[in-house]
Amino acid sequence: MSKHAKPKSVDSVLFLFIILLVGGGFLIFSSASLGLMARDGASFGSVAFSQFVFGVLGGGTAMLFISNIYYRHWRQYAFYFFIISLLFTLAVFIPGLGMTHAGATRWLDLGITTVQPSEFLKIGFVIYLATWLSGVHQKVHNRKYGLVPFAVITGIVGLVMLLQPDTDTFLIMASAGMSMFIVSGASWKDIGLVILGGILMLAMLAFMRPYVMDRLTTFLDPSADPLGSGYQIQQSLIAVGSGGIAGRGFGQSIQKFEYLPEPIGDSIFAVYAEEFGFIGTSLLLIALVFLTLRGYRIATHASDTFGTLLVVGFMTIIAAQAFLNIGAMLAVAPLSGLPLPFISHGGTSLLATLASLGIVLNVSKYRTFRKTS
């Protein structure tokens, strides 16, 4: 496609679902935040302000701005953006700047707020991997250009993330990278090697990191330690079951007061399920599925391989994170600690999610039914 091609309007359906999820997500977050009033040292006002200013306003502004940047420009600066995002993430290990919580060093303390740099590393990783794979897609069957560079790029990111440690976020990024590797045309033999390597890595992490093993054993038997490692799952299932068909009503969750750990974090789906029931959770799942499918549809109609890979990477990150979070709260997936996109507390997460969707929206401006490289 010519670089002078005239852009169309952004995909209105995707844009509508983004607006619905951001607006509805903030309402759900506001209700869950009321549970903080019963907890010592927690402030409803401060977290709501941070979520709205940095997440909703900041993220919305970033999305609209980035949606007007021609997506192919990212290709020119992909390497530099990747390196900067890596260094930014490594900054959490600088004494006095990095912040440790619950044994993990993942945040930068900027005084007025905290930032989780790995959220921007997700973007840098997808852009750089899309740049590499689109550049060699005709030679991706050659391991010198396909499997080896893919393993090196993913391995560098994995090393940085596992040092923090942030195993869950790395697994999400690796799943996005895997989806991009498959779409780029990698051979099934190489795909099988990557899957085998992933299984071996998970097994090693389970034996080297006790908390990983605890999550796996809790997933297999949530009732084994109901007051310890299985407590969050048990309380989540109580909340989801209490919602019934139509829920207790907006703001009426009981579990968010004192019982559910992280009611505004990775447990927020359980709060939502208690307040809106089966009907409400079904609508949320439908919205997330439609958002994902619409994104993948944009990928299939992207004007070049780079655009396709960008959209596949970003949409896979959002979809995998959402459904692993929800699956954990329903005890059909291991507990991950991942936030629920658009809804959980985390201004940095929402800002980065909306920024990445800004790139997806720009790709949709140049959609075509004719696929070229």
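Just so you know, these numbers come straight off a predicted model, no measurement behind them.

Caption draft 1: Main features of the overall build of the protein. The secondary structure content of the protein amounts to 13 helices and 3 strands. The C-alpha atoms of the protein give 20 Å as radius of gyration, which agrees with the globular expectation for 373 residues (21 Å, within 12%). Seen through its C-alpha atoms, the protein measures out along the principal axes to roughly 60 × 45 × 45 Å. Within the span of the protein, comprising 373 residues, buried residues form 51% of the whole. Of the contacts made within the protein by residues no fewer than 6 positions apart, 75% connect residues no fewer than 24 positions apart.

Caption draft 2: Representation of the sheet that holds strand E3 (residues 114-115) in the model. Spatially, 3 strands are ordered E1-E2-E3 in an open sheet, and the strand pairing comes out antiparallel. The strands lining the two open edges of the sheet, one partner per strand, are strand E1 (98-101) and E3. Bridge analysis of E1 against strand E2 (residues 104-109) gives 4 bridges, and the strand direction is antiparallel. Bridging from a neighbouring strand, Gly-98 pairs with Leu-108 of E2.

Caption draft 3: Expanded view of the nonpolar core. Ranked by internal contacts, the top residues of the largest apolar core, which has 91 residues, are Ile-18, Tyr-71, Phe-181, Leu-291, Leu-310, Phe-342 and Leu-357. Considering every element that reaches this core, the biggest residue donor is helix H12 (residues 305-329), with 13 residues. Excluding residues that lie within four positions of it along the chain, Leu-291 makes contacts with Leu-14, Phe-17, Ile-18, Leu-21, Met-315, Ile-318 and Phe-342.

Caption draft 4: Examining the layout of surface pockets more closely. What the second largest pocket holds in volume is close to 890 Å³. Residue lining of the second largest pocket: 31 residues in total, with Leu-171, Ala-174, Gly-198, Met-201 and Leu-202 positioned closest to the centre. When contributions to the lining of the second largest pocket are tallied by element, the ones reaching two or more residues are helix H6 (147-163), helix H7 (167-183), helix H8 (188-208), helix H9 (210-220) and H12. When residues of the lining of the second largest pocket are assigned to their parent elements, the largest contribution, 8 residues, is made by H7. Of the residues that constitute the lining of the second largest pocket, the class distribution is 22 nonpolar, 7 polar and 2 charged.

Caption draft 5: The environment of Ser-9, seen in detail. Tracing the chain through its elements places Ser-9 in the segment before helix H1 (12-33). Here Ser-9 falls in the exposed class, since its relative accessible area comes to 53%. Sequence separation of Ser-9 and Ser-364 is 355 residues, and the distance between their C-alpha atoms is 7.9 Å. If we skip the residues at most four places from it in the chain, Ser-9 touches Ser-364, Lys-365 and Arg-367.

Caption draft 6: Main features of the side chain of Ser-184. Here Ser-184 is to be found in the loop between H7 and H8. Once residues lying within four places of it in the same chain are set aside, the contact partners of Ser-184 are Leu-133, His-137, Val-140 and Leu-309.

Caption draft 7: Region of interest: empty space enclosed by the protein. Going through the model one piece at a time under the given rule, you end up with 3 cavities of 30 Å³ or more. Computed from the structure, the largest cavity encloses a volume of approximately 120 Å³. Together, Glu-119, Lys-122, Ile-123, Phe-314, Ile-317, Ile-318, Gln-321, Pro-341, Ser-349, Ala-352, Thr-353 and Ser-356 line the largest cavity. At the level of secondary structure, the elements contributing two or more residues to the lining of the largest cavity comprise helix H5 (118-135), H12 and helix H13 (347-365).

Caption draft 8: Representation of the packing of aromatic side chains in the model. One pass over the full model with this rule turns up 15 aromatic pairs. When the centroid spacing of 6.2 Å and the interplanar angle of 20 degrees are considered together, the rings of Tyr-71 and Phe-306 count as stacked. Of this pair, Tyr-71 sits in the loop between helix H2 (44-66) and helix H3 (73-76) while Phe-306 sits in helix H12; the two residues are 235 residues apart in sequence, bridging distant segments of the chain. For the residue pair Tyr-71 and Phe-306, the accessibility class agrees, reading buried in each case. Each member of the aromatic cluster is reached from another via a ring pair, and the members are Tyr-70, Tyr-71, Phe-306 and Tyr-366. A cation sits over an aromatic face here: Lys-139 above Tyr-145, 4.1 Å from the ring centre.

Caption draft 9: Main features of unusual backbone geometry. A cis amide bond links Gln-164 with the next residue in sequence, Pro-165, at an omega value of -10 degrees. When you line up the elements, Pro-165 lands in the loop between H6 and H7. Although it is not a glycine, Glu-262 sits at a positive phi angle of roughly 50 degrees. Within the fold, Glu-262 resides in the loop between helix H10 (231-243) and helix H11 (268-300). One non-glycine residue with positive phi stands out, namely Ala-331, at about 65 degrees.

Cut-off values and rules
- Once a new chain begins, its residue numbering starts again from 1 and follows that chain's sequence as written.
- Per-residue local features of the predicted model are confined to residues with pLDDT of at least 70, and side-chain atom pairs are confined, for both listing and counting, to 80 or more; whole-chain, interface and lining totals are unaffected and use all residues.
- Processing note: side-chain calculations cover all non-hydrogen atoms of the structure and skip hydrogens and water entirely.
- Strands are runs of DSSP state E lasting at least two residues, helices are runs of H or I lasting at least four, and both sets are numbered from the N terminus onward.
- Both definitions apply: the radius of gyration is a C-alpha atom measure, and the globule rule equals 2.2 Å times residues to the power 0.38.
- A simple rule labels every residue: compare its accessible area, found with a 1.4 Å probe on the protein chains alone, to the largest value its type can have, and call it buried under 20%, exposed over 50%, or partly exposed in between.
- For this analysis, residues touch if any pair of their heavy atoms sits within 4.5 Å.
- Strands are treated as partners if at least two bridges between them are detected by DSSP.
- The term nonpolar core refers to a set of buried residues drawn from Ala, Val, Leu, Ile, Met, Phe, Trp, Tyr and Cys, joined through side-chain atoms within 4.5 Å.
- Using protein atoms alone on a 1 Å grid, points that fit a 1.4 Å probe yet trap it form a cavity, whereas open point sets bounded by protein on both sides within 12 Å along at least five of seven lines form a pocket; residues with an atom within 4 Å of a point count as lining.
- Grid points are joined across faces, edges and corners, and a volume is the space filled by probe spheres set on the points.
- All residues other than Ala, Val, Leu, Ile, Met, Phe, Trp, Tyr, Cys, Pro, Asp, Glu, Lys and Arg, Gly among them, are scored as polar; the first ten of these are nonpolar and the last four charged.
- Think of it this way: a Phe, Tyr or Trp ring, Trp meaning its six-membered ring, pairs with another when their centres are within 6.5 Å, and the plane angle makes it stacked under 30 degrees, edge-to-face over 60, tilted otherwise.
- Note on geometry: a ring has a charge over it if NZ (lysine) or CZ (arginine) is within 6 Å of the ring centre and within 35 degrees of the ring normal.

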